[in-house]
Amino acid sequence: MGKEMSAKIKGVAILIMLCHHFIVMLFSDFPVLVKAFGGACKICVAIYAVLSGYGYYFSKEKTICYGLRKIWGLLKIYWISLFTIFIPAAILEGAELTPGRLVLEVFGLYPNLNWFAWYVYFYIFCMLIMPIIYRGFRFHPIVNLGILLVIPYLMELALYCVPNNNEIVFVHELISCIVYLPCFLIGFWMAENKVVEKYKSIQWSKAFLLNIVGIIAVFAMRILIHEAFGFLFDVFYAPLLICFLVGTFEALSKARFVNALFIMLGKYSTGMWFFHAAFFSKYVCDWFKPILLLVSWPPLMFVWLIILSLLGAVFYQKVLDGLTAIPHLVKRSS
């Protein structure tokens, strides 16, 4: 799976995420089946985790330094919206922002301003532990798969035994990391064992309708059961969904507009992730929600949400590009 295909799947994932929040945040009174689908759309986080693990496998250096560079790349996108939208809105609305709380907000450990920023600390967690963990992928693929599924689950159960674990920030967030860690690891495992390539080699893998049926089946399964005893089944659903999406895009390889659209969405997906929280999060939603509500019909409102999120992400990316260019311009002029 190349970078373009990965970008397309990220493009799908961000649409699934926006759909999830749009439905579950109750912008309208949706039918029961739509609400169920909206809940199933939470698989978007697992898709991102799998893609992150998949990409990590192909990194030339699997070191702490590499992890820190990747972390910095994510933090830049998160911070620019945090410090220009979410924190100012909270201050103007009278929120008490202590230095300690700000530190937690900066790393997504207490995402009370940007409600959807928890992936920040999960990504930091993965980037810091992977230089050690990846060395454990030295057994038979089936054994490796069993290890990456069982050990994190046992760690999760152990953390749940900590008294008042929900009230201890570090323990609570560590549990969240451990829950989604298998999704990251199975992405690494998929890349190592060329799972996507093997799927593409199947004769019917490029059949558009069959892949669409597969995608529908994955969502149906997730609606029926998404976890059991704390074990998240997205570790199975997300890889399946990714394979079916790859097959779908392979079938649509000649549809230039479709491919270009999803590559663009994938390119700005991280920015869209952080920016669209402005329409839902406490304090700042009072500023942005009225813009979204300019459109009243829910399907059209969802399209409007996509457009606004994309525009915000593009704007902030341009600002980041400009800020990044300043040191180079200063160096040239000196």
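Shown above is the structure to which this text applies.
Here the structure is a predicted model, which means the values were calculated and not measured. (Residues numbered from 1 in each chain as written. Predicted model: local features only at pLDDT ≥ 70, side-chain atom pairs only at ≥ 80, totals over all residues. Heavy atoms only, no water.)

Colleague: Looking at this structure, I do not really get the pattern of salt bridges. What am I missing?
Modeller: Oppositely charged side chains may form a pair once their charged atoms are brought near each other. Under the defined criterion, the tally for this structure stands at five salt bridges. Ionic pairing is found between Arg69 and Glu61, a salt bridge with its closest N-O pair at 2.6 Å. According to the relative accessible area criterion, Glu61 is partly exposed, its value standing at 33%. A salt bridge links Arg222 to Asp234, with the nearest nitrogen and oxygen atoms 2.7 Å apart. Here Arg222, found in helix H10 (residues 208-224), pairs with Asp234, found in helix H11 (residues 234-251); they are 12 residues apart in sequence, far enough to count as distant. Through salt bridges with shared partners, a single network forms among Lys200, Lys206 and Glu250. (Salt bridge = Lys/Arg side-chain N within 4 Å of Asp/Glu carboxyl O. Buried < 20%, exposed > 50% of the residue type's maximum accessible area, 1.4 Å probe, protein only. Helix = DSSP H or I, 4+ residues; strand = E, 2+ residues; numbered from the N terminus.)

Colleague: Even after reading the chapter, I still don't get the packing of helix H1 (residues 3-24) against helix H2 (residues 32-40), so can you show me in this structure?
Modeller: To describe two helices that pack against each other, one gives the angle between their axes and the distance between the axes. Axis separation between H1 and H2 bottoms out at 8 Å; the angle between their running directions is 135°. It follows from the interaxial angle that H1 and H2 lie oblique. Here H1 and H2 pass one another in a crossing that is left-handed. In this structure, H1 uses Cys19, His20, Ile23 and Val24 to contact H2, whose residues at the interface are Val34, Lys35, Phe37, Gly38 and Gly39. Its residues placed into classes, the contact of H1 with H2 shows five nonpolar, three polar and one charged. (Axes fitted to C-alpha atoms, helices over the stretch in contact; angles between N-to-C directions. Parallel < 35°, antiparallel > 145°, perpendicular 65-115°, else oblique. Left-handed = near helix turned anticlockwise from the far one by under 90°. Contact = heavy atoms within 4.5 Å. Nonpolar A, V, L, I, M, F, W, Y, C, P; charged D, E, K, R; others polar.)

Colleague: Is there a simple way to think about the state of the cysteines in this case?
Modeller: Every disulfide links exactly two cysteines, by a covalent bond between their sulfur atoms. Evaluated as defined, the whole model comprises zero disulfides. This cysteine, Cys65, is not joined by any disulfide, and Cys126 carries the nearest cysteine sulfur, 18 Å off. Here Cys126 is not disulfide-linked; the sulfur of Cys177 is the nearest cysteine sulfur, at 6.8 Å. We classify Cys126 as buried; its relative accessible area is 1%. (Disulfide = S-S within 2.5 Å.)

Colleague: Whenever I open this one, unusual backbone geometry confuses me. Can you help?
Modeller: Backbone geometry follows two general trends: most residues other than glycine have a negative phi, and most peptide bonds adopt the trans configuration. Positive phi outside glycine occurs at Lys194, with the angle close to 50°. Secondary-structure assignment places Lys194 in the loop between helix H8 (169-192) and helix H9 (195-200). For Lys194, a relative accessible area of 49% translates into the label partly exposed. A positive phi angle, close to 75°, is found at Tyr283, a residue other than glycine. Within the fold, Tyr283 resides in the loop between helix H13 (269-275) and helix H14 (285-292).

Colleague: How do you make sense of the nonpolar core when you look at a structure like this?
Modeller: Inside soluble globular proteins, nonpolar side chains tend to come together where they are buried. Within the largest apolar cluster, 120 residues are counted, with the highest numbers of intra-cluster contacts made by Ile43 and Ile47. Broken down by element, the residue count for this core peaks at 16 residues, all from H8. When near neighbours in sequence (up to four residues on either side) are disregarded, Ile43 contacts Ile16, Val218, Phe219, Arg222, Asp234, Tyr237, Ala238 and Leu241. (Core = buried A, V, L, I, M, F, W, Y, C linked by side-chain atoms within 4.5 Å.)

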